Amino acid sequence: MPKSNPSEAPLIEFRGVYKAYDNGTKALNDVNLKIYKGEFVFVVGASGAGKSTFIKMIMHEEKPNAGEIVVGNYKMSRLKSRDVPKLRRTMGIVFQDFRLIKDKTVFENVAFAMHIVGASKREIRRRVSYTLNIVGLTEKARCYPTELSGGEQQRVALARALVNNPAMILADEPTGNVDPNMSYEIVSLLNEINKRGTTIIMVTHEHHLVRDFGHRVIMIEGGSVVADNEIEPVIVNPEDIAEKASMFTHDAAESIHIPPEIIMEDKQPDIENAGEHDLMSLVSEFAPEKPKNDGETPLSAAEPKEKVPPAQPEEEHTPLLSFADAIDAFTKQSDDSQNPGEEGDRQ
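The structure reproduced in this document is the subject of the present report. Model, not experiment: these values are computed from the prediction.

A word on helix α4 (residues 121–134). Look at α4: 20 Å from first C-alpha to last across 14 residues, which is about the 20 Å you get at 1.5 Å a residue. Restricting attention to buried positions, one finds in α4 the residues Ile124, Arg126, Arg127, Val128, Ser129, Tyr130, Thr131 and Leu132. The inward-facing, buried residues of α4 contact α3 (106–115) and α5 (150–162). Backbone geometry just after α4 places Gly136 at a positive phi near 75 degrees.

Now the structure itself:
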């Protein structure tokens, strides 16, 4: 079961949540769960199981037909439209398709997330430089997205999600468009960010990543949570990541399906054969809890170790706009500017 501290309130709570779309699709069915600060949670399930709807509910992009969702200090049923951007500023969002601004450099793409919340030029220079150092892209600061590999573009997206020091990162299939080796590097980065205290919620269908990194696994099937347990990681040492990555190709990344008859089965973990387990056996086993390390230095407290790049020109921004909304709008503007013959909405 999920790790929790009885004395603290959950960061995210779903209480009897139902969601059905107008076409009759039942996306979520009586979902009840709690996610606590500092957890790393994998959300798994087959295509159409309700994983993306689950993430959209947290972002308040979709609203439930029944039930209640609480995220931090926000109760979704009472959330006013003007407060939605404030809610979303507590989150860093990593998309499968990167959503980088094509005509801006790596530095500018990451800085954009700070511009829209009104950060000063000095803070932007300091914070962006430090965040690029974390994801290993300091030398790529002046490059444009088209000059980067898929893995590098996803690391830019991760830096952009991280730069405002959010309480949580929502990653929706962040390894879907990168090669297997880079998939391990992306999840390893998320792992390190989680160790600094940031809550990570990652949607994935790549069962080998779930098995190798462990953490809490929430399995959604037919809109219902059918399994919710902690599993022990197969990868223990960081140096094992490259070795494990070389063993997989995209053809080996099978979709996850757990037969109902074995879900939530009460059995003891088979530690001796942990390396041979597939996800079906792992998600139903209870792993011993590990004490959390609260002595880590907060991300915001650290100073950049690399040389700070020259200041980038300040751009106009809309303080009330959330990052998720702004990046969609700005990406649309960028695309339209390259296709002047097409009409589109601009902000």
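Glancing now at the pattern of salt bridges. Under the defined criterion, the tally for this structure stands at 10 salt bridges. Note that Glu123 is salt-bridged to Arg126, the shortest N-O span being 3.0 Å. Of the two residues, Glu123 and Arg126 both sit in helix α4, 3 residues apart, roughly one turn of that helix. Assessed through its relative accessible area of 17%, Arg126 is described here as buried. Among the ionic pairs, Arg216 bridges to Asp228, the shortest N-O distance being 2.8 Å. In this pair, Arg216 sits in strand β9 (residues 215–221) while Asp228 sits in strand β10 (residues 224–231), placing the two residues 12 residues apart along the sequence. Looking at Asp228, the relative accessible area reads 9%, which means it is buried. Each member of the salt-bridge network shares a partner with another, and the members are Glu39, Arg216 and Asp228.

For the rest of this paragraph, the subject is unusual backbone geometry. As a rule of thumb, non-glycine residues mostly have phi less than zero, and peptide bonds are mostly trans rather than cis. In this structure, Arg99 is a non-glycine residue whose phi angle is positive, near 55 degrees. Within the secondary structure layout, Arg99 lies in the loop between β6 (91–94) and α3. Phi at His215 takes a positive value of approximately 80 degrees, unusual for a residue other than glycine. Among the structural elements, His215 can be located in strand β9.

Another aspect to go through is the environment of Pro180. Note that Pro180 resides in helix α6 (residues 180–195). The class for Pro180 is buried, based on a relative accessible area of 13%. Sequence separation of Pro180 and Leu209 is 29 residues, and the distance between their C-alpha atoms is 9.6 Å.

Turning our eyes to something else, we now look at the packing of α3 against α4. Running from N to C, α3 and α4 point in directions that differ by 125 degrees, and their axes come no closer than 10 Å. On the basis of their axis angle, the class for α3 and α4 is oblique. Once α3 is placed against α4, the crossing between them reads as right-handed. Listed contacts from α4 to Val106, Phe107, Val110, Ala111, Met114 and His115 of α3 are Glu123, Ile124, Arg125, Arg127, Val128, Ser129 and Leu132.

Within the largest apolar cluster, 48 residues are counted, with the highest numbers of intra-cluster contacts made by Phe42, Val128, Leu132, Ile169, Leu190 and Met202. The element contributing the most residues to this core is α6, with 7 residues. Sequence-distant contacts of Leu190, that is, excluding residues within four places in its chain, are made with Phe40, Leu158, Ile169, Ile200 and Met202. Counting 31 residues, the second-largest nonpolar core is a separate cluster that includes Ile12, Val17, Phe54 and Met91.

The geometry of α3 relative to α5 is characterised by a closest axis approach of 8 Å and an angle of 30 degrees between their N-to-C directions. As the angle between them shows, α3 and α5 are arranged roughly parallel. Our pair here, α3 against α5, has a crossing hand that is right-handed. Between α3 and α5, the residues in contact are Val106, Asn109, Val110 and Ala113 and Val156, Ala159 and Arg160, respectively. Tallied by class, residues from the contact of α3 with α5 come to 5 nonpolar, 1 polar and 1 charged.

Calculation notes
- Residues numbered from 1 in each chain as written.
- Predicted model: local features only at pLDDT ≥ 70, side-chain atom pairs only at ≥ 80, totals over all residues.
- Heavy atoms only, no water.
- Helix = DSSP H or I, 4+ residues; strand = E, 2+ residues; numbered from the N terminus.
- Expected span 1.5 Å × (residues − 1).
- Buried < 20%, exposed > 50% of the residue type's maximum accessible area, 1.4 Å probe, protein only.
- Contact = heavy atoms within 4.5 Å.
- Salt bridge = Lys/Arg side-chain N within 4 Å of Asp/Glu carboxyl O.
- Axes fitted to C-alpha atoms, helices over the stretch in contact; angles between N-to-C directions.
- Parallel < 35°, antiparallel > 145°, perpendicular 65-115°, else oblique.
- Left-handed = near helix turned anticlockwise from the far one by under 90°.
- Core = buried A, V, L, I, M, F, W, Y, C linked by side-chain atoms within 4.5 Å.
- Nonpolar A, V, L, I, M, F, W, Y, C, P; charged D, E, K, R; others polar.

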